[in-house]
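# Examining the three-dimensional arrangement
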Amino acid sequence: MISGRDVLVIGAGIGGLAAAIALARRGARVRVVEQSPEISEVGAGLQITPNGVAVLDALGLGEALRAAAVVSRAVELRDYRAGRLVVRLDLARHARNASYLLLHRADLVELLARAARDAGVGLLLDHAVAAVSDGETGASVTLADGREIAADLVVGADGLHSRLRPVLNGEAAPFFTGQVAWRALVPGAAGPAERVRVFMGPGRHLVAYPLRGGTLTNIVAVEEREAWAAEGWNHPGDVDELRRAFAIFCPEVAGLLRQVETVNLWGLFRHPVAARWHGRASAILGDAAHPTLPFLAQGANMALEDAWVLADALAGAGLAQGLAAYQARRRDRVVRVIEAANANARNYHLRNPLLRGAAHAGLRLAGALAPGQVLERFSWVHDHDVTREI
């Protein structure tokens, strides 16, 4: 049903490019409008879990994806002070163990952009969107230079500050969660490769994992604090402030942070999941529909799922029915994933030493008696395959 339709996607990020590819391969005439003069991403790492890999495999990108990624064999939860192992989630025991991938964000965006061009997608770079309208006969986008582009369908994959989301839902002010996060890359692998390490401390945690064959280590550090920070993860941060915030952590963390030369800081804000994901001729996906905090590594994975389901729903029904089916298939799952991510943040940051000690002891016992049990808690996230949904 989408074949032959003109589709305009706003945003050349992971969700926007994946949606463009999926729609183009179903016969749509797709263009992507992007405000940046080139398709690029600042340095940052991603964890692509099996549910996200399933989408990339279905788009025919699996081989190139795996060539660019590090396969993660385990997730280790560690205590902050001595770096002592609390529990090891052995991903190699999982049936889809080769589908937990650690990837540089720029590498994934480049892979998607190349596939989009190969699929015949037109890329309109250096074009900022000023406004979006949604009407009975189609939708249109007004660019910052005043030019208007009409389409049968407009897809808003334009992130936290989406132009389309408020058209569908009205304005909704987010609130600061009391948490900030730093992102940094340092050279070389820190310790044994092919694993993600999470150091859990009072009111803060730090995640480290290898990228690009172990030539880089990605660091994400989250701290609870009252001081507000701007939303968006590409604002310059203070390296000394980062080191002070994690000065009580183990020597292994201190060694990583000594290597940090530049860091990006962003304030973590809670946005409600959008009540309306579509209009008569428009739809939103990824962070435009449901900004996700980085405590379950699902932001990019949820955007990939959205992209596939949107294209699949539109291919099987008319525009109105397809858009309604897209929201119906996605919203409840996304809400559940976001709630699980928020719970993870609380569990990582236990301040009371007695509670933290009891929680860690429970995890150690579970890891010893039932090694797969902790990982199975999230099997409903990782094992879900939207490309096989009926």
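An order of β8-β2-β1-β12-β19 is seen for the 5 strands of this open sheet, with the pairing classed as parallel. At either end of the open sheet lies a strand with only one pairing partner, and these are β8 (122-124) and β19 (282-284). Taking each pair of neighbouring strands and ignoring which way they run, the sheet shows an average axis angle of 20°. Running at roughly 165° to strand β2 (residues 29-33), helix α1 (residues 14-24) makes contact with β1 (6-10), β2, β8 and β12 (153-156) of the sheet. Sitting on the sheet, helix α9 (residues 319-348) touches β12 and β19, and the angle it makes with β19 is about 15°.

Let's shift gears to the sheet that holds strand β9 (residues 129-135). Pairing in this open sheet of 3 strands is antiparallel, and the strands run β9-β10-β11 from one edge to the other. Two strands in the sheet have a free side with no partner beyond their single neighbour: β9 and β11 (148-151). If you compare each strand with its neighbour and ignore which way they point, the axes differ by 15° on average. Where strand β10 (residues 138-143) and β11 come together, 4 bridges link them in antiparallel fashion. When the sheet's bridge partners are listed, Val141 is paired in β11 with Ile149.

Time to look at the packing of aromatic side chains. One pass over the structure, following the stated rule, counts 5 aromatic pairs. Between the aromatic rings of Tyr80 and Phe249, the centroid separation amounts to 5.3 Å while the plane-to-plane angle is 55°, which identifies the pairing as tilted. Of the two residues, Tyr80 is situated in the loop between β5 (74-79) and β6 (85-90) and Phe249 in the loop between α6 (239-245) and α7 (251-258); the sequence distance between them amounts to 169 residues. Summarising the burial analysis for this pair, Tyr80 and Phe249 share the class buried. Look at Trp182 and Phe246: their rings are 6.3 Å apart centre to centre, the planes differ by 80°, and that puts the pair in the edge-to-face class. Of the two residues, Trp182 sits in strand β13 (residues 175-187) while Phe246 sits in the loop between α6 and α7, which places them 64 residues apart along the sequence. By the burial criterion, Trp182 is buried, and Phe246 matches it. By the ring-pair criterion, three or more aromatic residues cluster together here, those being Tyr80, Trp182, Phe246 and Phe249.

If you look at the biggest cluster of nonpolar residues, it comprises 113 residues, and the most contacted ones within it are Val7, Leu23, Val30, Leu108, Leu112 and Val154. For Val154, the contacting residues outside a window of four places in its chain are Leu8, Ile10, Val132, Ala139, Ser140, Val141, Leu164, Ala281, Ser282 and Ala283. Val239, Ala245, Phe246 and Leu257 belong to the second largest nonpolar core, which has 22 residues in total.

Closest axis-to-axis distance for the α1/helix α8 (residues 299-315) pair is 8 Å, and the angle between their directions is 25°. In terms of orientation, α1 lies roughly parallel with respect to α8. Crossing handedness for the pair α1 and α8: right-handed. For the pair formed by α1 and α8, the contact residues are Ile14, Gly15, Ala18, Ala19, Ala22 and Leu23 on the first element and Ala300, Ala303, Leu304, Ala307, Ala311 and Leu314 on the second.

Of note, Leu91 is situated in the loop between β6 and β7 (101-104). Along the chain, Leu91 and His127 lie 36 residues apart, while their C-alpha atoms are 42 Å from each other.

The rules behind these values
- Residues numbered from 1 in each chain as written.
- Predicted model: local features only at pLDDT ≥ 70, side-chain atom pairs only at ≥ 80, totals over all residues.
- Heavy atoms only, no water.
- Pairing = 2+ DSSP bridges.
- Helix = DSSP H or I, 4+ residues; strand = E, 2+ residues; numbered from the N terminus.
- Axes fitted to C-alpha atoms, helices over the stretch in contact; angles between N-to-C directions.
- Contact = heavy atoms within 4.5 Å.
- Phe/Tyr/Trp six-rings, centres within 6.5 Å; stacked < 30°, edge-to-face > 60°.
- Buried < 20%, exposed > 50% of the residue type's maximum accessible area, 1.4 Å probe, protein only.
- Core = buried A, V, L, I, M, F, W, Y, C linked by side-chain atoms within 4.5 Å.
- Parallel < 35°, antiparallel > 145°, perpendicular 65-115°, else oblique.
- Left-handed = near helix turned anticlockwise from the far one by under 90°.

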